[in-house]
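These are the residues of each chain, in order.
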Amino acid sequence: MDGRVSEGVGYGKTILFGEHFVVYGKPAIASAIGSKTIAKVSDSDVFEFIDDRPETPGYKEKKSGEIQRQIEALLKHFKIDVEKRPLKIVLEGNLECNSGVGASAALAASISRALNQHLNLGMNDEGINEAAYIAEEAGSGTPSGIDNTCSVYGGFIVFQKNVSGGRNRIEKISVETPVEIVMAGSGITQETKKVVEDVRNMREREPELFERIFKDYDEIFSRAKKAVDVMDLKELGGLMNRNQTLLEEMTLSCPEIEEILEATREAGAYGAKLTGTGRGGSVIALTPGKGLQDRVSDAIEEIGYKTFKTSLGV
Ligand code: MEV
């Protein structure tokens, strides 16, 4: 048994365009956020998993099965028999576990990095990302891979799942000046797997509706990509609002999200939408400049929701 403590980091994330669409091979735009999960791995006498991450009340309980499946998948992937090599895995960091911020991907990425270091495997980011994806798959069914990719690589990216099984598109977007955003938590934890399944069933029941929604999304994405390239933030905000309308049509919004969105828009955000799974979880508001970021964050907190201020591409 050696006395080393090996650390690994996994970033939180936010999706600006394309949650759910990305599952069907549509391109999406996402960014890491300035908070992260830190995993610490050391040798021990018995296997221990200690989850000290901050959370929205009830998150860890609701996700306990998912978390357990992720840990088991990681141990299997890294070929660790805890009977023979008991490990202590501790999760910490300032990423508050909440639907929509990529908490499960940050768990997977941080533990993969820490195990890679602890076992001296010399894996690169691609290998870490593969391990994190396997854990995400075990936890939540058929993820697109956007969350773990953001969590492993950080930064601001275009992500497109290769639905035929080849390499995914991962395109880094460079951000010269940080763009302030506000993230808000609805306080509702959702199960991504279930919501993704609901959307899939709805698409089967209403193919024409979804064909139109997907077509609208294609147009939104192509304009958003151009707006990102020239950092036309007004255009970007307007397109986020339009993306939100499509998510509403897909039954992914809820009264709490609507309430937060109304406050952000009244306070002058350039645009806002739910981010991630939906039906609860988190909201992202585009709020360039410290002053606007503070005003929007205050307006959301005044109506009783927690916020987190960060920037795109951190
Ligand atoms: C969850 O953060 C994003 C979803 O599109 C699911 C996925 O991409 O795996 C809802």
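Calculation criteria
- Residues numbered from 1 in each chain as written.
- Predicted model: local features only at pLDDT ≥ 70, side-chain atom pairs only at ≥ 80, totals over all residues.
- Heavy atoms only, no water.
- Near = heavy atom within 4 Å.
- Polar contact = N/O pair within 3.5 Å; in protein donor to acceptor, adjacent residues only side chain to side chain.
- Helix = DSSP H or I, 4+ residues; strand = E, 2+ residues; numbered from the N terminus.
- Nonpolar A, V, L, I, M, F, W, Y, C, P; charged D, E, K, R; others polar.
- Domains from an automatic or database assignment.
- Contact = heavy atoms within 4.5 Å.
- Buried area = accessible area lost by both parts, 1.4 Å probe.
- Salt bridge = Lys/Arg side-chain N within 4 Å of Asp/Glu carboxyl O.
- Axes fitted to C-alpha atoms, helices over the stretch in contact; angles between N-to-C directions.
- Parallel < 35°, antiparallel > 145°, perpendicular 65-115°, else oblique.
- Left-handed = near helix turned anticlockwise from the far one by under 90°.
- Expected span 1.5 Å × (residues − 1).
- Buried < 20%, exposed > 50% of the residue type's maximum accessible area, 1.4 Å probe, protein only.

S.K.: For the site of the ligand, give the residues involved together with the corresponding values.
M.R.: The full set close to the ligand counts 13 residues, and Lys-13, His-20, Pro-143, Ser-144 and Asp-147 are the nearest of them. Take Asp-147: an N or O atom from its side chain is 2.9 Å from an oxygen atom of the ligand. Those elements giving two or more residues to the shell around the ligand turn out to be β1 (5-17) and α5 (146-153). Residues belonging to the shell around the ligand are distributed by class as follows: five nonpolar, five polar and three charged. Counting contributing residues per domain, the shell around the ligand is built from domain 1 (5-173) and domain 2 (179-312), each supplying no fewer than three.

S.K.: How would you sum up the domain arrangement of the protein? Please name residues and give values.
M.R.: What the domain assignment reports for the protein is domain 1 (5-173) and domain 2 (179-312). The centre of domain 1, based on its C-alpha atoms, is set 23 Å off from the matching centre of domain 2. Facing 36 residues of domain 1, the contacting portion of domain 2 comprises 46 residues. For the domain 1 and domain 2 pair, buried surface summed over both sides reaches about 3,400 Å², with 64% attributable to carbon and sulfur atoms. Linking domain 1 with domain 2 are four salt bridges. A salt bridge links Asp-218 to Lys-26, with the nearest nitrogen and oxygen atoms 3.0 Å apart. Linking domain 1 with domain 2 are 17 residue pairs in polar contact (both at pLDDT 80 or more), by the criterion used here. At the level of secondary structure, the elements contributing two or more residues to the side of domain 1 that touches domain 2 comprise β1, β2 (28-43), α1 (59-62), β5 (156-160) and β6 (169-173). Looking at the side of domain 1 that touches domain 2 element by element, the count peaks at seven residues for β2. Residues belonging to the side of domain 1 that touches domain 2 are distributed by class as follows: 16 nonpolar, 13 polar and seven charged.

S.K.: Outline the packing of helix α2 (residues 64-77) against helix α3 (residues 103-118), listing residues and values.
M.R.: Running from N to C, α2 and α3 point in directions that differ by 25°, and their axes come no closer than 11 Å. Between α2 and α3, the angle is such that the two are roughly parallel. In terms of crossing hand, the pair formed by α2 and α3 is right-handed. Where α2 abuts α3, its residues Glu-66, Ile-67, Gln-70, Ile-71 and Leu-74 lie against Ser-104, Leu-107, Ala-108, Ile-111 and Ser-112. In terms of residue class, the contact of α2 with α3 is built from six nonpolar, three polar and one charged.

S.K.: So what's going on with the pattern of salt bridges? Residues and values would help.
M.R.: Using the criterion set out here, one finds 24 salt bridges in the structure. Ionic contacts of the salt-bridge type, sharing partners, join the residues Arg-169, Glu-171, Lys-225 and Asp-229 into one network.

S.K.: How would you summarise the environment of Gly-289 if you had to cite specific residues and measurements?
M.R.: Its place among the elements puts Gly-289 in the loop between β9 (282-286) and α10 (290-302). Each C-alpha atom of the pair Gly-289 and Pro-178 lies 9.2 Å from the other, and the pair is 111 residues apart in sequence.

S.K.: Give a detailed account of helix α7 (residues 207-229), specifying residues and quantitative values.
M.R.: Along its 23 residues, α7 runs 33 Å from first to last C-alpha, staying within 8% of the 33 Å computed at 1.5 Å per residue. Along α7, the positions that sit buried rather than exposed are Phe-210, Ile-213, Phe-214, Tyr-217, Ile-220, Phe-221, Ala-224, Lys-225, Ala-227 and Val-228. Among the structural elements, β1, β2, β5, β6, α6 (192-205) and α8 (233-249) are those in contact with the buried residues of α7. The positive-phi residue at the C-terminal boundary of α7 is Met-231, with phi of around 50°.

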